[in-house]
Amino acid sequence: MRRKLSLSVLAGAWLLATGAHAGPVPSCFGMDATLVGSGKIKGTPGDDVIVGSSGSDSINGAGGSDRICALEGEDSIAAKNGTARVDGGPGEDRIRVKAGGSGGNMVFGGDDEDTISFDSGGGGGNTIDGGAGGDKMKLKNGGSDVVMGGDGDDEIKAGSKGAGSITISGDEGNDEISFKSGGGGNSVVGGAGTDWCKVDDATNVDCEILD
Ligand SMILES: [Ca+2]
Ligand SMILES: [Ca+2]
Ligand SMILES: [Ca+2]
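Thresholds, definitions, all that
- Residues numbered from 1 in each chain as written.
- Chains lettered and ligands numbered in written order.
- Predicted model: local features only at pLDDT ≥ 70, side-chain atom pairs only at ≥ 80, totals over all residues.
- Helix = DSSP H or I, 4+ residues; strand = E, 2+ residues; numbered from the N terminus.
- Buried ≥ 20, exposed ≤ 12 C-beta atoms within 10 Å, placed from the backbone.
- Contact = placed C-beta atoms within 7 Å.
- Pairing = 2+ DSSP bridges.
- Core = buried A, V, L, I, M, F, W, Y, C linked by C-beta atoms within 7 Å.

**Section: the overall build of the protein**
Scanning the protein for helices and strands turns up one helix and 22 strands. Taken across its 211 residues, the protein has 45% of its residues classed as buried. Long-range contacts, defined as pairs at least 24 residues apart, comprise 7% of the intrachain contacts of the protein with a sequence gap of at least 6.

Structure follows, in structure tokens:
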């Protein structure tokens with residue numbers, strides 16, 4: 001059988017071969033990595049599957065629908081213009097996603113105190129989950145998004161220009177949530193802990209209201 005490896009896979013394989021074990025190619029959101037590295041990692045204008053290192057990485061997807069798994073360390077992650085799937089992993093990560101507007105983005109801060117800024121570009125059906133730790137999330141949502149603070153005292157600033165129900169949950173911890181809706185039918189729930197909310201319009205609100 002013929003096996004064909006793309007250039008980017010070869011680049012990743014080279015990096016893997018330098019380790020003690022040249023094990024299988026790591027995966028990210030169910031796909032084999034096309035790029036594996038540490039430190040500063042830059043993707044291509046196309047769709048990349050990038051896996052970082054246990055150290056602090058600076059990963060730039062450089063456009064396209066990228067899957068980025070930064071693993072441990074205090075990582076800085078940027079993705080733009082496509083549908084992004086990003087997992088910061090453990091460590092205090094800084095994640096910036098400016099999506100292309102097709103929706104269906106997935107952003108996970110993972111453990112520890114992450115800073116997430118997300119712009120849906122108008123597309124809906126996105127999932128943004130801060131994970132454990134007190135996260136700071138600044139979100140321009142699309143319709144039908146699911147936003148979770150996860151454990152810890154989270155600060156969630158969300159807003160949507162599009163119609164469609166958005167579900168925001170602070171989860172455990174004392175959370176602060178502000179939400180500007182683009183239409184009705186939204187849900188803002190603080191979850192366990194003492195939570196504060198500032199909402200302009202939501203059908204289901206369960207938290208202490210801030211004026
Ligand atoms: Ca890392
Ligand atoms: Ca993290
Ligand atoms: Ca959290």
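After presenting the structure, the write-up continues.
**Some details on the pairing of strand β16 (residues 155–160)**
Residues of β16 alternate between two faces, with Ile-156, Ala-158 and Ser-160 buried on one and Glu-155, Lys-157 and Gly-159 left unburied on the opposite face. As paired strands, strand β14 (residues 136–141) and β16 are joined by six bridges and run parallel to one another. Opposite Asn-141, over in β16, you have Ser-160 as the bridge partner.

**A look at the pairing of strand β10 (residues 94–98)**
Only one face of β10 is buried, namely the one carrying Ile-95 and Val-97, since none of Arg-94, Arg-96 and Lys-98 on the opposite face is buried. Sheet analysis places strand β8 (residues 76–80) next to β10, joined by five bridges and oriented parallel. Bridge pairing in β10 places Lys-80 opposite Lys-98. Where β10 and strand β12 (residues 115–119) come together, five bridges link them in parallel fashion. The residue of β12 that forms the bridge with Lys-98 is Asp-119.

**Here's the deal with unusual backbone geometry**
The phi angle of most residues is negative, glycine excepted, and most peptide bonds adopt the trans form. The phi dihedral of Ser-144 is positive, around 60 degrees, even though this residue is not glycine. Its location among the elements puts Ser-144 in the loop between β14 and β15 (146–148).

**Remarks on the environment of Lys-140**
Along the chain, Lys-140 turns up in strand β14. Between the C-alpha atoms of Lys-140 and Ala-158, which are 18 residues apart in sequence, the distance is 6.0 Å. Those residues in contact with Lys-140, other than ones at most four positions away along the chain, are Phe-118, Asp-119, Ser-120 and Gly-159.

**Details of the nonpolar core**
The biggest cluster of nonpolar side chains holds 40 residues, and the ones touching the most others in it are Ile-50, Ile-68, Val-86 and Val-107. Discounting chain neighbours no more than four positions away, the residues touching Val-107 are Ala-84, Val-86, Ile-95, Val-97, Ile-116, Phe-118 and Ile-128.

**Points about the sheet that holds strand β4 (residues 40–42)**
Note: strands within a sheet are paired through backbone hydrogen bonds, in either parallel or antiparallel orientation. The parallel open sheet is built from ten strands, whose spatial order is β4-β6-β8-β10-β12-β14-β16-β18-β20-β22. With one partner strand each, in any of the chains shown, β4 and β22 (208–209) form the two edges of the open sheet. Where β12 lies against β14, five bridges are found, and the strand directions are parallel. Bridge pairing in β14 places Thr-115 opposite Lys-136.

**So, the sheet that holds strand β11 (residues 106–108)**
If you walk across this open sheet you meet the ten strands as β3-β5-β7-β9-β11-β13-β15-β17-β19-β21, and the pairing is parallel. Here the strands that pair on one side only, and so sit at the sheet edges, are β3 (35–36) and β21 (204–206). Both strand β13 (residues 127–129) and β15 contribute to a ladder of three bridges, which runs parallel. When the sheet's bridge partners are listed, Asp-129 is paired in β15 with Met-148.

**Looking at the environment of Cys-207**
Looking at where Cys-207 falls in the secondary structure, it is placed in the loop between β21 and β22. The spacing of Cys-207 and Val-188 is 19 residues in sequence and 7.8 Å in space, taken between C-alpha atoms. Not counting residues within four places of it along the chain, the set of residues in contact with Cys-207 comprises Ile-177, Val-188, Val-189, Gly-190, Asp-195, Trp-196 and Cys-197.

**A word on the environment of Ile-41**
Here Ile-41 shows up in strand β4. Note: C-alpha distance between Ile-41 and Val-51 (ten residues apart in sequence) is 9.2 Å.

In short, the description is geometric, and any link to function would need to be established separately.
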